[in-house]
Amino acid sequence: MSLKYKRVLLKLSGEALMGDHEYGIDPLFINKLAEDIKDVYEIGVQIAIVIGGGNIFRGVKGSSMGMDRATADYMGMLATVMNALALQDVLEKKDLPTRVMSAIEMRQIAEPYIRRKAIRHLEKGRIVIFAAGTGSPFFTTDTTGALRAAEIKADVLLKATKVNGIYDKDPNKYPDAKLISEISYLDVINRNIKVMDHTALTLCMENKLPIVVFNIKESGNLRKIVEGQSVGSIVH
Ligand code: UDP
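All values reported here derive from a predicted model rather than from experimental measurement. (Residues numbered from 1 in each chain as written. Predicted model: local features only at pLDDT ≥ 70, side-chain atom pairs only at ≥ 80, totals over all residues. Heavy atoms only, no water.)

A. Here's a closer look at the side chain of arginine 7. The topology assignment puts arginine 7 in strand 1 (residues 7-12). Of the side chains with opposite charge, glutamate 123 lies nearest to the buried arginine 7, which makes no salt bridge, at 4.2 Å. Separated by 2.7 Å, the side chain of arginine 7 and the backbone oxygen of isoleucine 152 make a polar contact. Not counting the four nearest positions on each side in its chain, arginine 7 is found in contact with Gln46, Ile119, Leu122, Glu123, Ile152, Lys153, Ala154, Asp155 and Val156. (Helix = DSSP H or I, 4+ residues; strand = E, 2+ residues; numbered from the N terminus. Buried < 20%, exposed > 50% of the residue type's maximum accessible area, 1.4 Å probe, protein only. Lys, Arg positive; Asp, Glu negative; His and termini not counted. Salt bridge = Lys/Arg side-chain N within 4 Å of Asp/Glu carboxyl O. Polar contact = N/O pair within 3.5 Å; in protein donor to acceptor, adjacent residues only side chain to side chain. Contact = heavy atoms within 4.5 Å.)

B. Here's a closer look at the packing of aromatic side chains. Tallied over the entire structure, the rule returns 1 aromatic pair. Plain terms: the ring middles of tyrosine 113 and phenylalanine 130 are 5.4 Å apart, the flat faces sit at 85 degrees to each other, and that makes the pair edge-to-face. Here phenylalanine 130 lies in strand 5 (residues 127-131) and tyrosine 113 lies in the loop between strand 4 (111-112) and helix 5 (115-123), a separation of 17 residues in the sequence. Each member of the pair, tyrosine 113 as well as phenylalanine 130, carries the same accessibility label: buried. (Phe/Tyr/Trp six-rings, centres within 6.5 Å; stacked < 30°, edge-to-face > 60°.)

C. Spatial organisation of empty space enclosed by the protein. Using the criterion set out here, one finds 2 cavities of 30 Å³ or more in the structure. Taken as a whole, the largest cavity holds about 40 Å³ of empty space. Around the largest cavity, the lining residues are Val8, Leu10, Ile37, Val40, Ile47 and Leu222. Counting residues per element, the ones that place at least two in the lining of the largest cavity are strand 1 and helix 2 (27-41). Among the residues making up the lining of the largest cavity, the classes are represented as 6 nonpolar, no polar and no charged. As for the second largest cavity, its lining consists of Glu15, Ala16, Gly19, Phe29, Lys162, Ile216 and Lys217. Broken down by class, the residue content of the lining of the second largest cavity amounts to 3 nonpolar, 1 polar and 3 charged. (1 Å grid on protein atoms, 1.4 Å probe; cavity = no way out; pocket = protein on both sides within 12 Å on 5 of 7 lines; lining within 4 Å. Points joined across faces, edges and corners; volume = space filled by probe spheres on them. Nonpolar A, V, L, I, M, F, W, Y, C, P; charged D, E, K, R; others polar.)

D. Here's a closer look at the site of the ligand. Gly14, Arg58, Asp73, Thr134 and Thr141 are the nearest of the 22 residues found near the ligand. Threonine 134 places a side-chain nitrogen or oxygen 2.6 Å from an oxygen atom of the ligand. Threonine 141 is positioned with one of its side-chain polar atoms (N or O) 2.5 Å from an oxygen atom of the ligand. If the ligand stood free it would expose 520 Å²; the protein chains cover 93% of that surface. Most atoms of the ligand, that is more than half of them, are within 2 Å of grid points of the largest pocket. For the shell around the ligand, the secondary structure elements donating two or more residues are helix 1 (14-18), helix 4 (69-93) and helix 6 (141-151). (Near = heavy atom within 4 Å. Areas by Shrake-Rupley, 256 points an atom, 1.4 Å probe, with all protein chains shown as cover. Sits in = over half its atoms within 2 Å of the grid points.)

E. Expanded view of helix 6. When you tally the buried positions in helix 6, you get 8 out of 11 residues, the bulk of the element. All of the buried residues in helix 6 are Thr141, Asp142, Thr143, Thr144, Gly145, Ala146, Arg148 and Ala149. In the core, the buried residues of helix 6 are packed alongside strand 1, strand 2 (46-51), helix 4, strand 5, strand 6 (156-161) and helix 8 (198-206). Of the residues flanking the end of helix 6, it is lysine 153, one or two places downstream, whose phi is positive at about 55 degrees.

F. Region of the structure containing the pairing of strand 3 (residues 98-102). For strand 3, the tally of buried residues reaches 4 of 5 residues, placing the bulk of the element in the interior. Direction of pairing for strand 3 relative to strand 5: parallel, over a ladder of 5 bridges. Note on strand 5: the bridge partner recorded for valine 100 is isoleucine 129. (Pairing = 2+ DSSP bridges.)

G. Structural detail: the packing of helix 6 against helix 8. Interaxial distance between helix 6 and helix 8 falls to 8 Å at its minimum, and their mutual angle equals 15 degrees. Viewed along their axes, helix 6 and helix 8 adopt a mutual orientation that is roughly parallel. Taken as a pair, helix 6 and helix 8 cross one another with a handedness that is left-handed. Facing helix 6, whose interface residues are Asp142, Thr143, Ala146 and Leu147, helix 8 presents Thr199, Ala200, Leu203 and Cys204. Partitioning the contact of helix 6 with helix 8 into residue classes produces 5 nonpolar, 2 polar and 1 charged. (Axes fitted to C-alpha atoms, helices over the stretch in contact; angles between N-to-C directions. Parallel < 35°, antiparallel > 145°, perpendicular 65-115°, else oblique. Left-handed = near helix turned anticlockwise from the far one by under 90°.)

Everything listed here is a matter of geometry and, on its own, says nothing about what the molecule does.
Next up, the structure:
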């Protein structure tokens, strides 16, 4: 089978793990997600995942309550580690070899992030989950996704969302909002389309890394994308 993308970086927000819950992790949804990942794994795609933490804690929220921003951001990064372990658990239950690599050292539960080692894991057929963001405050896990994708030379950054892709206006507010199937990095930035923060976008632009924004709630989308079908929106 010919694959359009052979090595992908999947960016999952913490909220994606929440499913229909208000907080934390939805076991049903994460299980379904693991099935989708397995489907893509089995056709030979190398999969790296950056996981967010917004379902547990966000630095911006902490600092709005008066916390020191950097401290709050470290808490946010720790939240991503919990999500990473939860995801590893479901993937392993489906017999998928998985490694968690953390940007903040916690050797008892995750390997430290070493770029060459991450690439080696992928070549050996292991799914790699990057936890703890970049390891630095003031960044997001979207930026982490762009950074790690560039580092491991991924073919594409797959940005999972709850909507079908990028729209010309907010589809939750305007029923006549239209899906944009293809758009340039600069258009996303200039039109201030809220798909990723600008740090993440410029990093992708500078490294010519395409971004596919797609609906993760729809099973089968991941597979369609790696096989080259047009799903969601592509930023390039
Ligand atoms: N974070 C950080 N540096 C990073 C990545 C994440 O400080 O490189 C912190 C930040 O506080 C952020 C939180 O971790 O709010 C959780 O990540 P994010 O909000 O990106 O998660 P998502 O929205 O994807 O669930």
